[in-house]
Amino acid sequence: EAIRVKWFSAEALRKNGDAVDQQVADLVAAELEAHPDAKVLPKFHVPSNVLQKFRDVGARGDRMADQWEEMLQQYYRQFRATEPDLVADLEGRMTGRYLTEKWDSKINDYLCREQKAIYSNLRTLWNNETAEDSDDLQDAKRRKIETPTLPAYKAGRVYVAEVLKNMVAMNPAIIGGSADVASSCGGHWPEIQGHFLPPAFAEKVPGASYSGRYIHFGVREHACLAILNGISSSSCLIPYCTLFTVFYQYGLPAIRMASISKFPVLYIGTHDSIDLGEDGPTHQPVELLPQLRAMPNLLVIRPGCVEEIVGAFQVFAAQYTDKQSISLYVDPKTVVRRPVFVMTSRGELGLPYKGNTGIKGTEGLWRGAYVLHDCVDEVPTGLVPPSGKGVPRAHHVTLPDIVLIGSGQDLALVMKTKEILLQWSKTFNERLRASFDGFPHVATSAAPAVLKVRIVSMPCWELFDEQDQEYQDNVLCSKYQKILRIYVEKAATKNTGHDKYAHMSVLMPSYGLSGKAADVERKLEFTPEFIAAKVWSSWMDRGRILPQAGDEADRGFSSWVSHLGRRAGSH
């Protein structure tokens, strides 16, 4: 208080100060005229001339806002009859409706066409083909034999570009661009978007105008992503960008700022792994996926099929159509909107056979992870999504021996791995049983169980972490020590968080290689055969060390056989 009196009273300043303080004393005395009973300025005091200046600025801003609102209403009145769609779009955006009412109709129609083309040739994988089959099952098996050819899948980048095209065509609020790689990534349709360029370019670039919705950023990745932040913060527009996944590293500070600010920007990254091929390790992102997953408030989605791609766009769009409050985040502020990163492949993206749980990819993606192909052929009733929005409930009765987890192209990889494991398990059991022919009670003993494998699609860690603990435990069987969980991902490196979901992970040991995609994957051991061998080895080793009720010391042949049976897949 003594210090405040010394520096904020005219009397003390004149008594103790120098020439400058004398001038300050005069200013303080003038301010104290507004407070006749006070000798010292208040603790929080704004000089009257400064206060008046700020109030003048505020009043001028109010007048400008009123002028803007009047101009807007005049625009509505003038063009409502001649341009009703344009006026309706602007009115909607000014009131927070960025997407048209039926924005997803074309996307759903597109998905139906793709599903029809895919499922007409997609086969079924049965967990136990030696079981007594119903007539329907037999018919399905005959159909599988008659049409073994897999459907011709499109590249992941093509699926994403086609969904984005439909979304851009239906929503004039969407604007975006690419840093000089739109021809490879997709994301520009001149007949729909035009070009955001000065009208002077119209002679060279047809459709160039400031009404264009595609921005030519050039080779300026960071500038591109920073500009998207500015567009998102100024409202009325939905920004997006398409790039090679690895090029987003040049703009990570801008993505971080979008995550901090909760700007709902759509990032699309293609060429997401060693599947990229000949461009080699400089273009093959093996560390970017974990970097993005480490950013709070950023949804990172790596879909494994066209259904999940459509679901990813629906999750992004829901931020503009639904009121959301995500309370499970550590961030003390309520997350209402946030950026979304959709990461997809250069090559084909699709499943080798149908799922058997009844959960659609568009529905399962909302939960971040879901059981795609379970270890039983009959679908438990708890797996059928409830009516309404279509988020699946998790309830499983039959427990698997192994849970294989994948995302993106690796989802098909673990599904093919399961097929190999089932065949190996069946062959192993047959040879094991044959080796004991002639022993007592072998003829009457039950046949060893085939290995039970569950396939979990995990396209989005963040959405999965936001689910309740019961759902997470039921999907991953994380409450059961004996169930081995293995995560396979060729778009990430070791020690980057996969141990949260799995006991073992098959990940990239280092950077990639230059060569054809199939050759690179074979060299780095990301083929179904290599993955199956690693899973089988891990399962056999785990069977040796896991204790079981009734275990006894090794007393020779009998106890060794009991452990061997355990490793063969029995629970």
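Residues numbered from 1 in each chain as written. Predicted model: local features only at pLDDT ≥ 70, side-chain atom pairs only at ≥ 80, totals over all residues. Heavy atoms only, no water.

**Some points on the overall build of the protein chain**
Okay, step 1: The number of helices and strands found in the protein chain is 21 helices and 13 strands.
Okay, step 2: A buried classification covers 50% of the 571 residues belonging to the protein chain.
Okay, step 3: Across the protein chain, contacts joining residues at least 24 apart in sequence account for 72% of those joining residues at least 6 apart.
Okay, step 4: Summing over all exposed atoms, the protein chain offers an accessible surface of approximately 28600 Å²; the carbon and sulfur share of this is 55%. (Helix = DSSP H or I, 4+ residues; strand = E, 2+ residues; numbered from the N terminus. Buried < 20%, exposed > 50% of the residue type's maximum accessible area, 1.4 Å probe, protein only. Contact = heavy atoms within 4.5 Å. Areas by Shrake-Rupley, 256 points an atom, 1.4 Å probe, with all protein chains shown as cover.)

**Notes on the sheet that holds strand β9 (residues 370-373)**
Okay, step 1: Read from one edge to the other, the open sheet built from five strands follows the order β9-β11-β10-β12-β13, with strand pairing classed as mixed. Looking at strand neighbours, the two that pair on one side only are β9 and β13 (504-508), the edges of this open sheet. Put simply, the sheet's adjacent strands are angled 30 degrees from each other on average, direction ignored.
Okay, step 2: By the bridge criterion, five bridges tie strand β10 (residues 402-406) to strand β12 (residues 484-493) in an arrangement that is parallel. By the bridge assignment, Leu404 is partnered in β12 with Ile486.
Okay, step 3: On top of the sheet, helix α18 (residues 469-476) reaches β9, β10, β11 (453-457) and β12; it is set at about 130 degrees to β11, its chief contact. (Pairing = 2+ DSSP bridges. Axes fitted to C-alpha atoms, helices over the stretch in contact; angles between N-to-C directions.)

**Considering the packing of aromatic side chains**
Okay, step 1: The final tally for this structure, using the stated rule, is 15 aromatic pairs.
Okay, step 2: An angle of 80 degrees between the planes, with centres 5.9 Å apart, marks the rings of Tyr248 and Tyr267 as edge-to-face. On the criterion of sequence distance, the pair formed by Tyr248 in the loop between β5 (238-244) and α12 (252-261) and Tyr267 in strand β6 (residues 266-270) is long-range, its members being 19 residues apart. The pair formed by Tyr248 and Tyr267 is uniform in burial state, with each residue classed as buried.
Okay, step 3: Three or more aromatic residues joined by ring pairs form one cluster here, namely Trp461, Phe464, Tyr471, Tyr487 and Tyr501.
Okay, step 4: We note Arg293 situated over the ring of Trp461; from NZ or CZ to the ring centre the distance is 3.9 Å.
Okay, step 5: The ring centre of Tyr471 lies 4.5 Å from the NZ or CZ of Arg367, which sits over that ring. (Phe/Tyr/Trp six-rings, centres within 6.5 Å; stacked < 30°, edge-to-face > 60°. Lys NZ or Arg CZ within 6 Å of the ring centre and 35° of its normal.)

**Quick look at the packing of helix α6 (residues 105-119) against helix α14 (residues 306-321)**
Okay, step 1: Contact geometry of α6 with α14 gives a least axis separation of 10 Å together with a crossing angle of 165 degrees. Classified by the angle between their axes, α6 and α14 sit roughly antiparallel to one another. Where α6 crosses over α14, the handedness of that crossing is left-handed. The segment α6 lies against α14, with Ile107, Asn108, Tyr110, Leu111, Gln115, Ile118 and Tyr119 engaging Val306, Glu307, Val310 and Gln314.
Okay, step 2: Per-class residue counts for the contact of α6 with α14 are seven nonpolar, three polar and one charged. (Parallel < 35°, antiparallel > 145°, perpendicular 65-115°, else oblique. Left-handed = near helix turned anticlockwise from the far one by under 90°. Nonpolar A, V, L, I, M, F, W, Y, C, P; charged D, E, K, R; others polar.)

**Things to note about the sheet that holds β5**
Okay, step 1: Strand order in the open sheet made by the six strands is β4-β1-β5-β6-β8-β7, with parallel pairing throughout. At either margin of the open sheet sits one strand with a lone partner, and together these are β4 (214-216) and β7 (299-301). The mean inter-strand angle of the sheet, taken between neighbouring strand axes irrespective of direction, is 20 degrees.
Okay, step 2: In this structure, strand β1 (residues 174-178) lies alongside β4, joined through three bridges in parallel fashion. Paired with Gly177 across the two strands is Ile215, which belongs to β4.
Okay, step 3: Those strands touched by helix α11 (residues 221-233) are β1, β4, β5 and β6, and its axis lies near 165 degrees from that of β5.

**Section: unusual backbone geometry**
Okay, step 1: The backbone of Asn297 sits at a positive phi, close to 70 degrees, despite the residue not being glycine.
Okay, step 2: Its identity is not glycine, yet Asn495 carries a phi of approximately 60 degrees, on the positive side.
Okay, step 3: With respect to the element layout, Asn495 can be found in the loop between β12 and β13.
Okay, step 4: The class for Asn495 is exposed, based on a relative accessible area of 82%.

**Overview of the state of the cysteines**
Okay, step 1: Going through the model one piece at a time under the given rule, you end up with zero disulfides.
Okay, step 2: Cys241 takes part in no disulfide bond, and the closest cysteine sulfur, belonging to Cys224, lies 3.4 Å away. (Disulfide = S-S within 2.5 Å.)

**Description of the pattern of salt bridges**
Okay, step 1: Taken as a whole and assessed by the stated rule, the structure comprises 18 salt bridges.
Okay, step 2: Across the pair Glu114 and Lys154 runs a salt bridge, and its minimum N-O distance is 2.8 Å. On the criterion of sequence distance, the pair formed by Glu114 in helix α6 and Lys154 in the loop between α7 (135-146) and α8 (156-170) is long-range, its members being 40 residues apart.
Okay, step 3: Residue Lys500 pairs with Asp465 through a salt bridge whose shortest N-O separation is 3.2 Å. Separated by 35 residues along the polypeptide, Lys500 in the loop between β12 and β13 and Asp465 in helix α17 (residues 461-465) bring together distant segments of the chain.
Okay, step 4: Look at the salt bridges and you will find they share partners, linking Asp272, Arg293, Arg302, Asp410 and Glu489 into a network. (Salt bridge = Lys/Arg side-chain N within 4 Å of Asp/Glu carboxyl O.)

**A short note on the pairing of β10**
Okay, step 1: Across the five residues of β10, five count as buried, placing the element largely inside the fold.
Okay, step 2: Of the two faces of β10, the one carrying Ile402, Leu404 and Gly406 and the one carrying Val403 and Ile405 are both buried.
Okay, step 3: Bridging between β10 and β11 involves five bridges; their strand directions are parallel. Bridging from a neighbouring strand, Leu404 pairs with Ile455 of β11.

**What to know about the pairing of β11**
Okay, step 1: Extensive coverage of β11 is indicated by the burial of five of its five residues.
Okay, step 2: Burial along β11 is two-sided: Val453, Ile455 and Ser457 and Arg454 and Val456, pointing in opposite directions, are all buried.
Okay, step 3: As paired strands, β9 and β11 are joined by three bridges and run antiparallel to one another. In the sheet register, Tyr370 faces β11, and the bridge partner there is Ser457.

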